[in-house]
Amino acid sequence: MDTRTTVRAGTAAACALLALGALQGSSAGAQTAADGSAPATECRGTRPEGGLAGLGSPEDTPLQRTLNHVDKLVQDRYADVFTGLEVDEEGSGVSIHRMPSAAFDAAVCEAAEKGVTVRLHDTDVNEADLSALADRISEDMARWDGTFQLREVGQDGRGHVLVGVDDPDTARPIIREAYGARNARYIRVEYAPQAELL
C-alpha cells in the first residue's frame, strides 16, 4: 500500500493532507519537466522531539511538526522557491520539490526533528507559477468541448500541472500548442474518468 500523499504547502496545518481531488484534479501522466528521480539533497532530522515549540499540538508527530515548520517557512520567506511536497507518513519522510536554494535547504534541514527524513529535489518552477498555469487551464474547461473533455486540473507537488481528459492522445498536442512550449513542459496529460457528483 502506497502511503505517500501529495500535498502543497499553504495548508493551515501541513498535516491536514490535501488530496488532489480537492485541488480540482488528480490523474495525469506523460509530458516533460524533470521528474526529480534522485534527491538533490537528503537530510535526517537532528532536532530533539518537540523542539519546534508552537508549531502544532503536543500530540503531533515529529513529521507533523516538521511539516508545520516547512509550511511556515514557505509562507514567510521561501514562496519564490517552493514548488510542492509529498509526504510518506509511514516512513516519516517528506520529499520537497523546490528551486535550488541553499538557504531554504538549510532552514528545512535544521528544523527537521529526529526520525524525519527530508529529501530535497530540484525544479525550475515555483508553486505560484504552477497555480497560475492551473488556473488558466481551468478557466478553459469548456473551450475544448467537441474535441475532448477536460475533466480535472490540479498540481502534483512535484512541479507539474495535471490535466485529466477523456482522450489524452487528442488532447496532448492541442494543450501543448495552446499554452506554449515553455508551459507545456510542466503539463502532464492523462486519461481521467468522468467526474461523479456526490
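Predicted model, so just to flag it, every value in this text is computed and none were measured. (Residues numbered from 1 in each chain as written. Predicted model: local features only at pLDDT ≥ 70, side-chain atom pairs only at ≥ 80, totals over all residues. Heavy atoms only, no water.)

A. Highlighting the packing of helix H1 (residues 62-76) against helix H2 (residues 102-111). The interhelical angle for the contact between H1 and H2, taken along N-to-C directions, is 155°, at an axis separation of 9 Å. With respect to H2, the axis of H1 lies roughly antiparallel. In the crossing of H1 with H2, the sense of the turn from one axis to the other is right-handed. For the pair H1 and H2, contact is made by Thr66, His69, Val70, Leu73 and Val74 and by Phe104, Ala107, Val108 and Ala111, respectively. For the contact of H1 with H2, the per-class residue count stands at 7 nonpolar, 2 polar and no charged. (Axes fitted to C-alpha atoms, helices over the stretch in contact; angles between N-to-C directions. Helix = DSSP H or I, 4+ residues; strand = E, 2+ residues; numbered from the N terminus. Parallel < 35°, antiparallel > 145°, perpendicular 65-115°, else oblique. Left-handed = near helix turned anticlockwise from the far one by under 90°. Contact = heavy atoms within 4.5 Å. Nonpolar A, V, L, I, M, F, W, Y, C, P; charged D, E, K, R; others polar.)

B. Structural view of the nonpolar core. If you look at the biggest cluster of nonpolar residues, it comprises 21 residues, and the most contacted ones within it are Leu85, Val94, Ile96, Phe104, Val108 and Val118. Broken down by secondary-structure element, the contributors of at least two residues to this core are H1, strand E3 (82-88), strand E4 (93-98), H2 and strand E5 (117-122). Here the element with the most residues in this core is H1; it accounts for 5 residues. With residues up to four places along the chain from it excluded, the contact list for Val118 reads Thr41, Glu42, Cys43, Val94, Ile96, Val108 and Ala112. (Core = buried A, V, L, I, M, F, W, Y, C linked by side-chain atoms within 4.5 Å. Buried < 20%, exposed > 50% of the residue type's maximum accessible area, 1.4 Å probe, protein only.)

C. View of the state of the cysteines. Per the stated rule, a full pass over the model turns up 1 disulfide. Two residues share a disulfide in this structure: Cys43 and Cys109, whose sulfurs sit 2.1 Å from each other. Taking the torsion about the S-S bond as the criterion, the Cys43 to Cys109 disulfide, at about -85°, is left-handed. Here Cys43, found in strand E2 (residues 41-44), pairs with Cys109, found in helix H2; they are 66 residues apart in sequence, far enough to count as distant. (Disulfide = S-S within 2.5 Å.)

D. The environment of Ser95, seen in detail. Its place among the elements puts Ser95 in strand E4. Here Ser95 is in contact with Gly84, Leu85, Glu86, Arg119 and His121, once residues within four sequence places are set aside.

E. Region of interest: helix H4 (residues 168-184). Given a rise of 1.5 Å per residue, 17 residues ought to cover 24 Å, yet the end C-alpha atoms of H4 are separated by just 14 Å, more than 12% below that figure. Where H4 bends most, the angle comes to about 80°, and this point is Ala178. Considered for burial, the residues of H4 that qualify are Pro168, Ala171, Arg172, Ile175, Tyr179, Asn183 and Ala184. Where H4 is buried, its residues meet helix H3 (127-139), strand E7 (161-165) and strand E8 (187-191). (Expected span 1.5 Å × (residues − 1). Bend = angle between axes of the 7 residues up to and from the residue.)

F. Main features of the sheet that holds strand E6 (residues 150-155). Taking strand neighbours across the sheet as the criterion, the 3 strands line up as E6-E7-E8 in an open arrangement whose pairing is mixed. The sheet is open, and its two edges are formed by E6 and E8, each paired on a single side. Each neighbouring strand pair of the sheet contributes to a mean axis angle of 20°, computed without reference to strand direction. When E6 meets E7, the two strands line up antiparallel, connected through 5 bridges. Considered in E7, the bridge of Gly154 is made with Leu162. Of the strands in this sheet, E6, E7 and E8 are in contact with H3, which crosses E6 at around 170°. Relative to the sheet, H4 contacts E7 and E8, its axis offset from that of E8 by approximately 170°. (Pairing = 2+ DSSP bridges.)

Coordinates in, geometry out; function isn't part of it.
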